[in-house]
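Each chain, letter by letter, is given below.
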Amino acid sequence: MITATMVEDLKFRFSGKLIVPVDPQYQAARVVFNAAIDRRPGLIAQCAGPNDVVQTVNLAREKNLPLAVRGTGHNVAGFAVCDEGVVIDLSTMKAIAVDPQARTVRVEGGCTWGEVNDALQPFGLAATGGFVSITGVSGLTLGGGLGWLVRKHGLALDNLLSADVVLADGRLVTASADENEDLFWAIRGGGGNFGVVTSFVFQVHPLGTVLAGIVLHPAATAPDAIRHWRDLEAGAPDESTQGALLFHFPDDPSAPEPLRGAPVVGLGGVYAGPLDDGEKLLRPLREHEPKLVDTFQPMPYNAAQRMADFLWPAGLYNYWKSSYLRTLSDAAIDVFVDFFARVPSKHTVIVLEHNGDSAWDRVPDGATAFGHRDWPYNFVVTSAWSDPRDTEENILWTRALFAALRPYLAPGAYVNYLGGDEGVEGLKAAYGEKLARLAAVKEKFDPRNLFRLNQNIAPASVQGREAALA
Ligand SMILES: Cc1cc2nc3c(=O)[nH]c(=O)nc-3n(C[C@H](O)[C@H](O)[C@H](O)COP(=O)(O)OP(=O)(O)OC[C@H]3O[C@@H](n4cnc5c(N)ncnc54)[C@H](O)[C@@H]3O)c2cc1C
């Protein structure tokens, strides 16, 4: 338990804000993206810089307190907040420094990808980031980082040059290809298991205007529209990252009538190359009928990264299921479409991603802790609803869809899309054979598993003990 004396002692060594349950800011500070997560930490340490992180890690270790780490609190599994313990909250650490000559950017752990790409755009530079602007740089990068440049430049973590990390023993170290190489390997995919990253340095890329948008079709034509998209994806150049989405258009009075509240299938994304080439490549996708609307147009990359934000508002109840697919067969497409016709919530979105046959899977498998680059298609069912009384119905629908997809699932999952109730099976799906190497790095940097409120990789000695007892 956290005592007033502990908080008072920490104050002497801490420059940011220390928030406890009686403070007026407490309610807002404990809220995360997913409304289904309702936890009450004893202390939220809103850090102003690396020293605040060091001091809070030391407190949690010395007093044996549960410790959660929050980038921007976007992960639906909700590990960014805990009951009773301490939250290291980086969300106010937002410094961004662009080096246009070196084409790099240094980013503190509390930034969103929208903030980073807004800072890069005036220099004609871009970082892949996520498919939306509101996700946190920290969690997204440490788990992988799929975004609109994934087929051209790989994952966010493939573009990571170095990271400053506060370890469980309170040391602040740099991890890069030349320093603490084992740690650098592990944090590129292994999540927050190894320490608290206070800042990241990324390689960024020249990119001004991209051709971006989405074509919407009535959901009734989804099987044909998704097959058409899938067939066009075969052989698409690296410049093109396109996805397929099943969702309900917002029931907003300002929406044009055929769209308002309608179930639709959306096909689209970003072409990050010469605009004329993009126009030519995407013509068959855009001319496919019957379509409701085509929003493709040239736009700055930071605007393209915002175009899908409206689909995932914060504050809804969320439950997600995700996996790679062996192939995107006609039969698998039919399962997605059949279930979508019975979806209990109009906030739910089914996302099909094609990342493969690109820069993404040309990175050697052993180069990072991120796995499964051999499966080109990925999906995530982002079930979301606004009334807590609808929770059971939505969870059951999501699980039934996942069960119906079993014959088509590849043995692998993307750790950042896991919902949080998968347990060890989720961990195995995310890391497969890499788990043993990750456990050895964990043993070296966090043998007592201080950083355990995450998709937790137990230290090798703990895994050995458990295996012996089983
Ligand atoms: C609406 C929405 C859209 C998404 N879109 C994408 C997408 O396009 N591409 C994609 O790849 N993923 C996407 N995701 C998943 C996203 O990558 C994860 O949710 C990610 O964890 C979010 O990062 P965060 O920093 O906000 O996480 P938080 O919830 O703050 O943290 C999640 C966990 O990451 C760890 N962590 C966070 N910060 C640090 C740090 N600085 N040091 C050490 N550990 C840390 C901790 O273990 C923490 O519990 C999306 C999620 C949502 C909700």
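These figures come from a predicted structure and were not determined experimentally.

1. A closer look at the site of the ligand
With respect to spatial proximity, 33 residues lie near the ligand, and among them Gly71, Thr72, Gly73, Phe131 and Tyr414 are the closest. The separation between an oxygen atom of the ligand and a polar main-chain atom of glycine 73 is 2.7 Å. Here leucine 140 contributes a backbone N or O atom positioned 3.3 Å from an oxygen atom of the ligand. Protein coverage of the free-state accessible area of the ligand, which is 940 Å², stands at 97%. The set of elements that each furnish at least two residues to the shell around the ligand consists of strand S3 (67–70), helix H5 (137–143) and strand S10 (196–203).

2. Side note on the environment of valine 32
Residue placement: valine 32 occurs in the loop between helix H2 (26–30) and strand S2 (43–46). Separated by 38 residues in sequence, valine 32 and arginine 70 have C-alpha atoms that sit 9.2 Å apart. With residues near it in sequence (within four places) discarded, valine 32 still touches Ile37, Arg70, Gly73, Ala80 and Val81.

3. Quick look at the packing of helix H8 (residues 222–233) against helix H11 (residues 330–340)
In the contact formed by H8 and H11, the axes pass within 10 Å of each other and the chain directions differ by 135°. With respect to their mutual orientation, H8 and H11 come out oblique. For the pair H8 and H11, the sense of crossing is right-handed. Of the residues in H11, those touching H8 at Ala222, Pro223, Ile226, Arg227 and Arg230 are Asp330, Ile333, Asp334 and Val337.

4. Remarks on the sheet that holds strand S4 (residues 86–89)
The strand order across the open sheet built from four strands is S1-S2-S4-S3, with neighbouring strands paired in mixed fashion. Two strands bound the open sheet, and with one partner strand each, they are strand S1 (17–19) and S3. Ignoring strand direction, the axes of neighbouring strands in this sheet form an average angle of 20°. With four bridges connecting them, S2 and S4 associate as parallel partners. The residue bridging glutamine 46 from the neighbouring strand is aspartate 89, located in S4. Helix-sheet contacts for helix H3 (residues 50–63) involve S2, S3 and S4, and the interaxial angle to S4 is about 165°.

5. Overview of the side chain of serine 162
The residue serine 162 is located in strand S8 (residues 160–166) in this model. Setting aside anything within four residues of it in sequence, one finds serine 162 in contact with Thr174, Ala175, Ser176, Phe184, Ser199, Phe200 and Val201.

6. Observations concerning the sheet that holds S8
On the basis of which strands lie adjacent, the open sheet formed by five strands has the order S5-S6-S10-S8-S9 and antiparallel pairing. In the strand order of this sheet, the two ends are held by strand S5 (96–99) and strand S9 (172–176), each with one partner. Shown here is a sheet whose adjacent strand axes are inclined to one another by a mean of 15°, direction ignored. Where strand S6 (residues 104–108) lies against S10, five bridges are found, and the strand directions are antiparallel. Bridge pairing in S10 links threonine 104 to glutamine 203.

7. Overview of the packing of H11 against helix H13 (residues 391–405)
The N-to-C vectors of H11 and H13 enclose an angle of 165°; their axes lie 10 Å apart at closest approach. It follows that H11 is roughly antiparallel to H13 by the angle criterion. Helix-helix and strand crossings are classified by hand; for H11 and H13 the assignment is right-handed. Taken together, the residues of H13 that come into contact with H11 (itself represented by Ala332, Val335, Phe336, Phe339 and Phe340) are Trp397, Ala400, Leu401, Ala404 and Leu405. Considered class by class, the residues forming the contact of H11 with H13 number ten nonpolar, no polar and no charged.

8. Considerations on the pattern of salt bridges
Taken as a whole and assessed by the stated rule, the structure comprises 24 salt bridges. For aspartate 118, the salt bridge is made with arginine 306, and the minimal N-O distance between the two is 3.0 Å. Linking aspartate 118 in helix H4 (residues 113–120) with arginine 306 in the loop between helix H10 (301–304) and strand S17 (317–325), this pair joins segments that are 188 residues apart in sequence. The exposure class of aspartate 118 is partly exposed, given its relative accessible area of 32%.

9. Details of empty space enclosed by the protein
One pass over the full model with this rule turns up two cavities of 30 Å³ or more. Approximately 50 Å³ is the volume attributed to the largest cavity. As for the largest cavity, its lining consists of Gly143, Gly189, Tyr324, Phe370, Gly371, His372, Ala413, Tyr414, Val415, Ala430 and Tyr431. Residues belonging to the lining of the largest cavity are distributed by class as follows: seven nonpolar, four polar and no charged. Its volume calculated, the second largest cavity comes out at about 40 Å³.

10. Structural notes on the packing of aromatic side chains
Applying the stated rule across the entire model yields 15 aromatic pairs. A centroid spacing of 6.2 Å and a plane angle of 50° characterise the contact between phenylalanine 249 and phenylalanine 310, whose relative ring orientation is tilted. Taken as a pair, phenylalanine 249 in the loop between strand S13 (240–248) and strand S14 (263–271) and phenylalanine 310 in the loop between H10 and S17 lie far apart in primary sequence, 61 residues in all. Relative accessible area serves as the criterion here: at 18%, phenylalanine 249 is assigned to the buried category. Given a relative accessible area of 41%, phenylalanine 310 falls into the partly exposed group. Positioned over the ring face of tryptophan 185 is arginine 437, at 3.7 Å from the centre of the ring.

Rules used in this analysis
- Residues numbered from 1 in each chain as written.
- Predicted model: local features only at pLDDT ≥ 70, side-chain atom pairs only at ≥ 80, totals over all residues.
- Heavy atoms only, no water.
- Near = heavy atom within 4 Å.
- Polar contact = N/O pair within 3.5 Å; in protein donor to acceptor, adjacent residues only side chain to side chain.
- Areas by Shrake-Rupley, 256 points an atom, 1.4 Å probe, with all protein chains shown as cover.
- Helix = DSSP H or I, 4+ residues; strand = E, 2+ residues; numbered from the N terminus.
- Contact = heavy atoms within 4.5 Å.
- Axes fitted to C-alpha atoms, helices over the stretch in contact; angles between N-to-C directions.
- Parallel < 35°, antiparallel > 145°, perpendicular 65-115°, else oblique.
- Left-handed = near helix turned anticlockwise from the far one by under 90°.
- Pairing = 2+ DSSP bridges.
- Nonpolar A, V, L, I, M, F, W, Y, C, P; charged D, E, K, R; others polar.
- Salt bridge = Lys/Arg side-chain N within 4 Å of Asp/Glu carboxyl O.
- Buried < 20%, exposed > 50% of the residue type's maximum accessible area, 1.4 Å probe, protein only.
- 1 Å grid on protein atoms, 1.4 Å probe; cavity = no way out; pocket = protein on both sides within 12 Å on 5 of 7 lines; lining within 4 Å.
- Points joined across faces, edges and corners; volume = space filled by probe spheres on them.
- Phe/Tyr/Trp six-rings, centres within 6.5 Å; stacked < 30°, edge-to-face > 60°.
- Lys NZ or Arg CZ within 6 Å of the ring centre and 35° of its normal.

Keep in mind these numbers describe shape, not what the thing actually does.
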